[in-house]
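# Notes for the structure review
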Amino acid sequence: MQTVRVNLGPRSYDIALTSTDPAGFAAFARRAAPKAKLALVVTDANVISHASTVASGLQSVGIHSQTAVVPAGEASKSVARLEALYDALAELPADRGTLVVAVGGGVVGDLGGFAAATYNRGLPLLMVPTTLLAMVDSSVGGKTGVNHPKGKNLIGSFHQPAGVWIDTAYLASLPDREFRSGLAEVVKYGVIQDPEFFEYLEANAAAILARRPDTLVHIVARSCRLKADVVEQDEREETGLRAILNYGHTFAHGYETVGGYGAWLHGEAVAAGMVGESRLAERLGRIPVAVTDRQVRLLTAFGLPIAGKPEWATEALIDVMRRDKKSQAGKLRFVLPTRLGHVELVDGVSEDLVREVLRT
Ligand SMILES: NC(=O)c1ccc[n+]([C@@H]2O[C@H](COP(=O)([O-])OP(=O)(O)OC[C@H]3O[C@@H](n4cnc5c(N)ncnc54)[C@H](O)[C@@H]3O)[C@@H](O)[C@H]2O)c1
Ligand SMILES: O=C(O)C(=O)C[C@@H](O)[C@H](O)[C@H](O)COP(=O)(O)O
Ligand SMILES: [Zn+2]
């Protein structure tokens, strides 16, 4: 087992990275929440069997749990599903020591995490990610929330987990499209922080797609460390540093929202979003075309899209972008590459330039 520590003073926690170790999980859960007696396990319909293994582990260390199952998919990141979780917590009844355990992908983590952040003004949260995307990104760093019809994650909060338990054996059953979607966020770390990691992904694309266990462990561990490094320095996205994790996401959230949260998976939108935002950087004279070309080649090798769908209206996409959390006084801000491995937050990018890129 490897451990990645996220150092956040009193909110510090461990990310445990393992492969099939249910006994280890129970001890980890007990360490992360020493006083918990009761838990709500939140999961989705596709991963109920993993949730029941987790529930048995909790029981073995004296934590009795109930399970709340939400339908699989992005539509569950809604205020209506959140209310149902509040009902389940009230029914338990939860007290301030009750643990929320999110077993699933980013949808379950963001939704269950936001219920934990807000019920009784905050409950301890344990993340048990079962998708690649959740292992490398959403389970780490404390962003929780739900969508609004007018924009992704418009309702949410920062609420750090007490621990993250990653078992890469869960990835064996993950559908191919979901696995590829997670790879988009992995590529993101290479572009924003680590050119050597980007080269590793280029050189090992076939082994990664074949889910070779050593490559999986490496990409999950490296991604968690890279994300933790950013979160440790700017936990609540106040200095602008954490915004680098939003590379590709201004476009991506446009694609997801205009697509009605069903057309594309999050990682697919991020892949096309990174290419669009890299093209913006080119047009602003910040990078040579070669930097975009390398991203296009790697994302294509991973079977990910590199441009939005032609039917998505430019003005509808821009309208969503104006509501992006990085916007200030209605002006768009983008995270743009300066070279492979480094990005900057750039103010006042003209909407006309964005239109031009969206139309190409
Ligand atoms: N909080 C953050 O920092 C953060 C970061 C990145 C993404 N996100 C959010 O995460 C969400 C996307 O997460 P996701 O890609 O994990 O999608 P998801 O949660 O919808 O899971 C994808 C699909 O895979 C299924 N599944 C999960 N684990 C499985 C397994 N082991 N075997 C078989 N099927 C399995 C799920 O039931 C679902 O159908 C988006 O809402 C995105 O906005 C949040
Ligand atoms: O953790 C972060 O910070 C991120 O931006 C990670 C993103 O991959 C993730 O999609 C996040 O949910 C986007 O957050 P938002 O604040 O733009 O809604
Ligand atoms: Zn993302």
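Residues numbered from 1 in each chain as written. Chains lettered and ligands numbered in written order. Predicted model: local features only at pLDDT ≥ 70, side-chain atom pairs only at ≥ 80, totals over all residues.

### Some points on the UniProt feature "binding site: NAD(+)" (unreviewed entry) in the protein chain
When the UniProt feature table is mapped onto this chain numbering, "binding site: NAD(+)" (unreviewed entry) sits at Gly106, Val107, Val108, Gly109, Asp110, Thr130, Thr131, Lys143 and Lys152. Relative to the elements of secondary structure, valine 107 occurs in helix H4 (residues 106-118). Here valine 107 falls in the buried class, since 28 other C-beta atoms lie within 10 Å of it. When near neighbours in sequence (up to four residues on either side) are disregarded, valine 107 contacts Asp44, Gly73, Glu74, Ser76 and Lys77. By the secondary structure assignment, threonine 130 is in the loop between strand E6 (125-129) and helix H5 (132-138). Ignoring any residue separated from it by four or fewer positions in sequence, one finds threonine 130 in contact with Val47, His50, Val103, Gly104, Gly105 and Tyr170. (UniProt positions renumbered as here; feature names shortened; annotations may be inferred. Helix = DSSP H or I, 4+ residues; strand = E, 2+ residues; numbered from the N terminus. Buried ≥ 20, exposed ≤ 12 C-beta atoms within 10 Å, placed from the backbone. Contact = placed C-beta atoms within 7 Å.)

### A look at the UniProt feature "domain: 3-dehydroquinate synthase N-terminal" (unreviewed entry) in the protein chain
When the UniProt feature table is mapped to this numbering, "domain: 3-dehydroquinate synthase N-terminal" (unreviewed entry) covers residues 68-180. The span residues 68-180 is 34% helical and 29% strand by assignment, and the distance between its end C-alpha atoms comes to 28 Å.

### Regarding the site of ligand 1
Taken together, 29 residues sit near ligand 1, with Asn46, Gly105, Gly106, Val107 and Ser138 positioned nearest. Those elements that provide at least two residues to the shell around ligand 1 are H4, H5 and helix H6 (176-192). Residue composition of the shell around ligand 1, by class: 9 nonpolar, 12 polar and 8 charged. Per-domain counts for the shell around ligand 1 show at least three residues from each of domain 1 (2-173) and domain 2 (176-359). (Near = placed C-beta within 6 Å. Nonpolar A, V, L, I, M, F, W, Y, C, P; charged D, E, K, R; others polar. Domains from an automatic or database assignment.)

### Details of the packing of helix H10 (residues 249-258) against helix H11 (residues 266-283)
For any two helices packed against each other, the geometry comes down to the angle between their axes and how far apart the axes lie. Close contact between H10 and H11 brings their axes to 7 Å; oriented N to C, the two are set at 130°. Judged by the inter-axis angle, H10 sits oblique to H11. For the pair H10 and H11, the sense of crossing is right-handed. Every residue of H11 that contacts H10 at His249, Thr250, Phe251, Ala252, Tyr255 and Glu256 is listed here: His266, Ala269, Val270, Ala272, Gly273, Gly276 and Glu277. Looking at side-chain class alone, the contact of H10 with H11 contains 6 nonpolar, 5 polar and 2 charged residues. (Axes fitted to C-alpha atoms, helices over the stretch in contact; angles between N-to-C directions. Parallel < 35°, antiparallel > 145°, perpendicular 65-115°, else oblique. Left-handed = near helix turned anticlockwise from the far one by under 90°.)

### Regarding the packing of H6 against helix H12 (residues 289-301)
Remark: H6 packs on H12, axes separated minimally by 11 Å, with the N-to-C direction vectors making an angle of 155°. Classified by the interaxial angle, the pair formed by H6 and H12 is roughly antiparallel. Crossing handedness for the pair H6 and H12: right-handed. Of the residues in H12, those touching H6 at Ala184, Val187 and Val191 are Gln295, Leu298 and Leu299.

### Things to note about the site of ligand 2
Near ligand 2 you find Asp137, Gly141, Lys143, Lys152, Asn153, Glu185, Arg242, Leu245, Asn246, His249 and Lys325, and these make up its full shell. Looking at the shell around ligand 2 residue by residue, the class counts come to 1 nonpolar, 4 polar and 6 charged. In this structure, the shell around ligand 2 is formed jointly by two domains, domain 1 (2-173) and domain 2 (176-359), each of which donates at least three residues.

### Some points on the sheet that holds strand E9 (residues 163-167)
Each strand in a sheet pairs with its neighbour through backbone hydrogen bonds, running either in the same direction (parallel) or in the opposite one (antiparallel). Taking strand neighbours across the sheet as the criterion, the 7 strands line up as E1-E2-E9-E6-E5-E3-E4 in an open arrangement whose pairing is mixed. Bordering the open sheet on either side are strand E1 (2-6) and strand E4 (64-70), each of which pairs with just one other strand. Sheet twist, expressed as the average angle between the axes of neighbouring strands with direction ignored, equals 15°. Here 5 bridges tie strand E2 (residues 13-18) to E9, and the two strands are oriented parallel to one another. (Pairing = 2+ DSSP bridges.)

### Quick word on the environment of valine 320
For valine 320, the position within the fold is in helix H13 (residues 314-322). Valine 320 gets classed as partly exposed once you count the C-beta atoms within 10 Å, which come to 19. Sequence separation between valine 320 and histidine 253 is 67 residues, and the spatial gap between their C-alpha atoms is 7.5 Å. Not counting chain neighbours up to four residues away, the residues in contact with valine 320 comprise Gly151, His253, Gly254, Thr257 and Val258.

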